[in-house]
Amino acid sequence: MVFTKTHPGLPQTTVLRAEPTVDRYFASFNASDFEATAALFATDGTLQPPFESSIVGAAAIAQDLQAEADGMQAYPETLEIVQRGDAGDRQVLVKGWVK
């Protein structure tokens, strides 16, 4: 099942209210608190940065963000949640822009 929330032209907080974990992701990312950002992922969670290979695991995600994203500010525009299986697993896809 796919839930898509698109809010073009609306403030960032409108998109984030749809999913509290995503709200915490962007708050910690924009504060350059990459340990907190990575802690939001499952043990085998994957970060898929644009134009790069997937990064798997919280330690690897924190290390990559520290090296690549320090000082960046991210602004989400769309949020898509894909339910995976019966265990409540889900994939969260966020699209937006970075400055």
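One can find the structure itself at the top, above this paragraph.
Residues numbered from 1 in each chain as written. Predicted model: local features only at pLDDT ≥ 70, side-chain atom pairs only at ≥ 80, totals over all residues. Heavy atoms only, no water.

A. Highlighting helix H2 (residues 20-30). Every buried residue of H2 is accounted for by Val22, Tyr25, Phe26, Ser28, Phe29 and Asn30. Just beyond H2, the residue with positive phi is Ser32, at close to 60°. (Buried < 20%, exposed > 50% of the residue type's maximum accessible area, 1.4 Å probe, protein only. Helix = DSSP H or I, 4+ residues; strand = E, 2+ residues; numbered from the N terminus.)

B. Up close: the packing of aromatic side chains. Per the stated rule, a full pass over the model turns up five aromatic pairs. Relative to Phe29, the ring of Tyr25 lies with its centre 6.0 Å away and its plane at 15°, an arrangement referred to as stacked. Residue Tyr25 and its partner Phe29 are located together in helix H2, separated by four residues, close to a single helical turn. We note that Tyr25, like Phe29, is buried. An aromatic cluster is present here, built from Tyr25, Phe26, Phe29, Phe34 and Phe41 joined pairwise through their rings. (Phe/Tyr/Trp six-rings, centres within 6.5 Å; stacked < 30°, edge-to-face > 60°.)

C. View of helix H4 (residues 58-68). Buried within H4 are the following residues: Ile61, Ala62, Asp64 and Leu65. Buried residues along H4 cover an arc of 165° about the axis, so they all sit on one side. Along H4, the residues that are exposed and aim more than 90 degrees away from the buried face are Ala59, Gln63 and Ala67. Looking at the packing, one finds that the buried side of H4 touches H2, helix H3 (34-39), strand E2 (46-47) and strand E3 (55-56). (Arc of directions from axis to C-beta. Contact = heavy atoms within 4.5 Å.)

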